[in-house]
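# Working through the structure, step by step
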Amino acid sequence: MSDTETRPTRSRREERRLARQYARQQGAWYPRWFWPSFAAPAILWMVVFFAASFYVILSVAFGTEDFFRNPLPVFQPWWWDFGTLTEQLHKIFGGVYQTVYLRTFAYVAIASVLCLLIGYPIAYFVARYGGRRKALFLVLLIMPFWISYLMRMFAWSSLLEVDGYVNDLLTFLNVLSKPYGWLEGKGITVVLGLVYGYVPYLILPLYGQLDRIDTSLLEAGRDLGASPARTFWRVTLPLSKPGILAGLIIVTLPMFGDYYTNNLLSQSPRTTMIGNLIDFTYANTGLAAQGASLVLTVAVLLIVPMVWYLRYTAKAAEAK
Amino acid sequence: MSQPREHLLRRRGPTSQLSRRQFLRASAGAALAVPTLSSILAACTKPGTEGTGGTGANGGAYPLARPDNPVTLPLHDDIPAIADNLPIEKGATLQIFNWVDYMWKKVISDFCEEFNVDYEWTTFNNMSEAIQKMNSGQVADVFFPTPDQMSKLTYGKLLQPLNHSYLPNLEANMWPTFQNPFYDQGWRYTVPYVTYSTGVAYRRDVVSDDEASAQGWDLIWNPTYKGKVGIYDDSRETLAMAMLRKGWTDLNTGDQGAIDQAEQDLAELVDLVDVRTTINGVYAKLPDGVYDVHQAWSGDIIGAQWYLNDLDTPGTTDVLGYWFPEDNQGPIFNDCITIPASAEHPVLAHAFLNFMLDEKHAFDNFTWNGYQPPLTSMDADALIQSNLGQYAPNTGPGSVPPSLPLAVVRKEMFAGGDFLFLGELSAEDEMKWQTAYQDFLAGA
């Protein structure tokens, strides 16, 4: 190596040394890897529990089975066999699973809208009128999380029995003329179960968003002559859109994979959701590749709203 | 009533309803269990082409046991039975691998007291999960498989052969059938645990015994009980029931036409009676009145009595009814106890098997579990409570409510090999049954 080649390097080093020295004097020097390293736990977590796990799902879906009909994942893509996935896709598009997929979409859509209709006023109330009791309201909102989802569903399965309190109340109020068989395989019960189970997840991000809205903007709206309704429609609602979307994403994604709500509140083939199909493959020998293929179809379906959400937030960030 | 609520989790059966109660654990388990170390190591060559799995799942590598085609399970040189007269391992912890709450803990405690050992209780929710865990290196001293897995388990080298010199109670106490069962000739690997039949449970305040006996399987297809009808969440049991209703008695068939017909008949139930698929419907929900009729294992309906209120009031159990074809044209079978090849305390495990084959302990377990051990000494008629007034739960004879005479399994039912049962299937046929049931579940 000649001097002419090494000199610039040396001088760059020199510059960095001086910069470090300066920064140290200012008391704010960190090595270059310092700040990025904070992302390491998250990256490690994602690699192990998402990327690697997802690759295993692929390997099971496109893999084979052993003597016991247990899944034998194939990790080399050149040996992957797409037969099972193709078979499942045929069942989904025009086959026996089509109804299940459409049903799941319908349940999730209705439940998400109901979650929003119920959750928005609550979040709005706490953010706007919570006042000094905001913390208390928040605790109350978080309280359902103290009890496991499963236990809450068990509670409902008892309340919704033919001679349960729900029927007692509704017949007393003359809403129903005779007790309704809520638990006898009714889609409406599954949807209400989903709403009940997931609505707190929607309220919290929505509250966060609403709470951040600058009240002076609302005052400005009123000052400029807008009615309360119009202010809400033109100011509050658009400003809370990111919260609505985040909340909807948070509730929609798990609803698509939900199977236990259905198991506890219906158990009828009439209300089978995608999650139930997957659950069956887990509980029965030799169906792991089928189950993994179904998981992939759900993952692909969910990527669409997710990508849309990411693009939306990216655009919103740019706009700022 | 000493401990009725313990029954909240008791069950037998090959599906995963209860794992859903513990779904977080189960889903975490699924995520972790799938990539086993051995399978990752096997990735050097294309999986499924070499090693233990070399024969492949569809190779038909193992024989399918039937009463007219009894199977002598293979012995392997590398998995010998233990030698005679070995001392029991000292200070050991017996590792039991069983269905969730399928055994009275008191009986196990009695064993531990007698042999001065501890025990560790590990459970599975279905055979699929159990075999997967065993194959992934789960260590256990005793394991409770269903006999329809026996060829697979022994050809796959997951069990060790038994040394009969430690198990005198089998010959002394158990029905002759189980001293040379068709699925394990010479009982090389298995001793029987409990027996059961599959019939229909009904509430006698809704259906009379005469009506039940006149309708038989049609109880399930009767729109009179709409909204109150349950079947087990199990592909084999449900499709087999639909076949029996139409008079098809080859319950281990691979006939696509018969399976499809059964699937259609099941699908009919969805609108006809608002059918629901459950695992705890019989023992937990029927006593509550959630169901009026439910496909039932005999042990479940016997266990259902613990879910009734006021059990000490005479006549309380009269509400429970059970129908099983008088001509024995319904599925019967048994579960087994085995010792895994991985057992760390095989001598202690033999002692445990012998203990469970003992009259007193087997009977104790029955009074909690509801599933009946095939004890020669157990006079089938004496099992039925003769006097409810003196009836005390969990103690002594008389544990079958008098309204359930057909829930008692009798040794004559197994005699002659002319009985119906759900046996091991080839992978190809198993898939046909599973696919048909999945189609039913989809509710399309």
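The rules behind these values
- Residues numbered from 1 in each chain as written.
- Chains lettered and ligands numbered in written order.
- Predicted model: local features only at pLDDT ≥ 70, side-chain atom pairs only at ≥ 80, totals over all residues.
- Heavy atoms only, no water.
- Helix = DSSP H or I, 4+ residues; strand = E, 2+ residues; numbered from the N terminus.
- Rg over C-alpha atoms; globule rule 2.2 N^0.38 Å.
- Buried < 20%, exposed > 50% of the residue type's maximum accessible area, 1.4 Å probe, protein only.
- Areas by Shrake-Rupley, 256 points an atom, 1.4 Å probe, with all protein chains shown as cover.
- Lys, Arg positive; Asp, Glu negative; His and termini not counted.
- Charge placed at Lys NZ, Arg CZ, Asp CG, Glu CD.
- Contact = heavy atoms within 4.5 Å.
- Pairing = 2+ DSSP bridges.
- Axes fitted to C-alpha atoms, helices over the stretch in contact; angles between N-to-C directions.
- Core = buried A, V, L, I, M, F, W, Y, C linked by side-chain atoms within 4.5 Å.
- Domains from an automatic or database assignment.
- Buried area = accessible area lost by both parts, 1.4 Å probe.
- Salt bridge = Lys/Arg side-chain N within 4 Å of Asp/Glu carboxyl O.
- Phe/Tyr/Trp six-rings, centres within 6.5 Å; stacked < 30°, edge-to-face > 60°.
- Lys NZ or Arg CZ within 6 Å of the ring centre and 35° of its normal.
- Patch = residues over 30% accessible without salt bridge, like charges linked within 9 Å, V, L, I, M, F, W, Y side chains within 5 Å.
- Right-handed = clockwise from strand over helix to strand, strands pointing away.

### Topic: the overall build of chain A
Looking only at helices and strands, chain A has 13 helices and two strands in total. Relative to a compact globule of 320 residues, whose C-alpha radius of gyration would be 20 Å, chain A shows 27 Å and is clearly more extended. In terms of overall dimensions, chain A has C-alpha extents of about 95 × 75 × 35 Å along its principal axes. Per-residue burial over chain A gives 42% buried out of 320 residues. For chain A, the exposed area adds up to about 18100 Å²; of that, 67% sits on carbon and sulfur atoms. Of the side chains in chain A, 28 bear a positive and 19 a negative charge, and the two mean positions are spaced by 10 Å.

### Notes on the overall build of chain B
Scanning chain B from N- to C-terminus turns up 16 helices and nine strands. Put simply, chain B has 444 residues, and 62% of those count as buried. Long-range contacts, defined as pairs at least 24 residues apart, comprise 78% of the intrachain contacts of chain B with a sequence gap of at least 6.

### Things to note about the sheet that holds strand 2 (residues 118-124) of chain B
Residue and element names in this part refer to chain B. Here we have three strands laid out as an open sheet, ordered 2-1-3, and parallel in their pairing. Sheet topology places strand 2 and strand 3 (142-143) at the edges, where each strand pairs with a single neighbour. As paired strands, strand 1 (residues 93-99) and strand 2 are joined by seven bridges and run parallel to one another. Bridge pairing in strand 2 places L94 opposite Y119. Strands in contact with helix 4 (residues 105-115) are strand 1 and strand 2; relative to strand 2, the strand with the most contacts, it is inclined by about 145°. Strand contacts of helix 13 (residues 346-356): strand 1 and strand 3, with the helix running at about 55° to strand 1, the strand carrying the most contacts.

### Here's the deal with the nonpolar core
Within the largest apolar cluster, 105 residues are counted, with the highest numbers of intra-cluster contacts made by F111(B), F143(B), F144(B), V191(B), I301(B), F352(B) and L353(B). In terms of residue count, helix 13 of chain B provides more of this core than any other element does, eight residues in total. Split by domain, this core shows at least three residues from each of two domains, domain 1 (64-194 + 332-389) and domain 2 (196-328 + 420-441) of chain B. When residues no more than four places from it in sequence are discounted, the contact partners of F144(B) are I96(B), F97(B), N98(B), W99(B), M103(B), F124(B), M127(B), Y193(B), C336(B), I337(B) and F352(B). With 49 residues, the next largest nonpolar core counts V100(A), W182(A), V190(A) and A442(B) among its residues.

### Comments concerning the domain arrangement of chain B
Residues and elements named next belong to chain B. What the domain assignment lists for chain B is domain 1 (64-194 + 332-389) and domain 2 (196-328 + 420-441). Placing a centre on the C-alpha atoms of domain 1 and another on those of domain 2 gives a separation of 27 Å. Each partner contributes to the interface: domain 1 provides 24 residues, whereas domain 2 provides 24 residues. Summed over both partners, the interface of domain 1 with domain 2 comes to about 1800 Å²; 53% of that surface belongs to carbon and sulfur atoms. Taken together, the connections running from domain 1 to domain 2 amount to zero salt bridges.

### Focus: the packing of aromatic side chains
What characterises a pair of aromatic rings is the spacing of the ring centres plus the angle enclosed by the ring planes. Tallied over the entire structure, the rule returns 58 aromatic pairs over all chains. Where F105(A) meets F256(A), the ring centres are 5.1 Å apart and the plane angle is 75°; that geometry is what we call edge-to-face. Taken together, the residues span a long stretch of sequence, with F105(A) in helix 4 (residues 97-129) and F256(A) in helix 10 (residues 228-257) at a distance of 151 residues. Take F256(A): its relative accessible area is 7%, and that puts it in the buried class. Taken together, W175(B), F178(B), F182(B), Y183(B), F333(B), F414(B), F419(B) and F421(B) form an aromatic cluster joined through their ring pairs. In this arrangement the basic side chain of R245(B) is found over the ring face of W221(B), its NZ or CZ atom lying 4.2 Å from the centre.

### Concerning helix 5 (residues 127-135) of chain B
Residues and elements named next belong to chain B. Burial of helix 5 is extensive: seven of the nine residues sit out of reach of the surface. Among all positions of helix 5, only M127, S128, E129, A130, I131, Q132 and M134 are buried. Within two residues after helix 5, G137 carries a phi angle of roughly 100°, on the positive side.

### What about the side chain of N98(B)?
All names here are of chain B. Considering the arrangement of structural elements, one finds N98 in strand 1. Assessed through its relative accessible area of 0%, N98 is described here as buried. Setting aside its immediate chain neighbours within four residues, N98 contacts M103, W121, T122, T123, F124 and F144.

### Details of a nonpolar patch on the surface
Residue and element names in this part refer to chain A. Among the surface-exposed residues, I43, L44, W45, M46, V47, V48, F49 and F50 lie close enough to one another that they form a single nonpolar patch of about 850 Å² accessible area. Here W45 is to be found in helix 2 (residues 40-61). The exposure class assigned to W45 is exposed, which follows from its relative accessible area of 54%.

### Considerations on a positive patch on the surface
A cluster of basic side chains, namely R12(A), R13(A), R16(A), R20(A), R24(A) and R32(A), defines a positive patch on the protein surface. Locating R32(A) in the fold gives a position in the loop between helix 1 (3-26) and helix 2.

### Thoughts on unusual backbone geometry
All names here are of chain B. The backbone phi angle of N85 is positive, close to 55°, even though this residue is not glycine. Looking at where N85 falls in the secondary structure, it is placed in the loop between helix 3 (37-41) and strand 1. Since its relative accessible area comes to 72%, N85 is described here as exposed.

### Thoughts on the pairing of strand 1 of chain B
Residue and element names in this part refer to chain B. Strand 1 sits mainly inside the fold: six of its seven residues count as buried. Crossover strand 1 to strand 2 through helix 4 is right-handed. With two bridges joining them, strand 1 and strand 3 adopt parallel strand pairing. The partner of I96 across the bridge, within strand 3, is V142.

### Re the environment of L158(B)
With respect to the helices and strands, the residue L158(B) is situated in the loop between helix 6 (150-155) and helix 7 (168-173). Look past the residues within four positions of L158(B) in its chain and what remains in contact with it is F68(A), I131(B), M134(B), N135(B), L153(B), P340(B) and A341(B).

### Focus on the pattern of salt bridges
Between side chains of opposite charge, pairing is possible as soon as their charged atoms come close. Residue and element names in this part refer to chain A. Taken as a whole and assessed by the stated rule, the structure comprises 18 salt bridges over all chains. Between D211 and K134 there is a salt bridge, with the nearest N and O atoms lying 2.8 Å from each other. Within this pair, whereas D211 is found in helix 8 (residues 187-212), its partner K134 is found in helix 5 (residues 134-142), the two being separated by 77 residues in sequence. Under the relative-accessibility criterion, D211 is labelled partly exposed at 32%. Overall, the relative accessible area of 23% leaves K134 in the partly exposed class.

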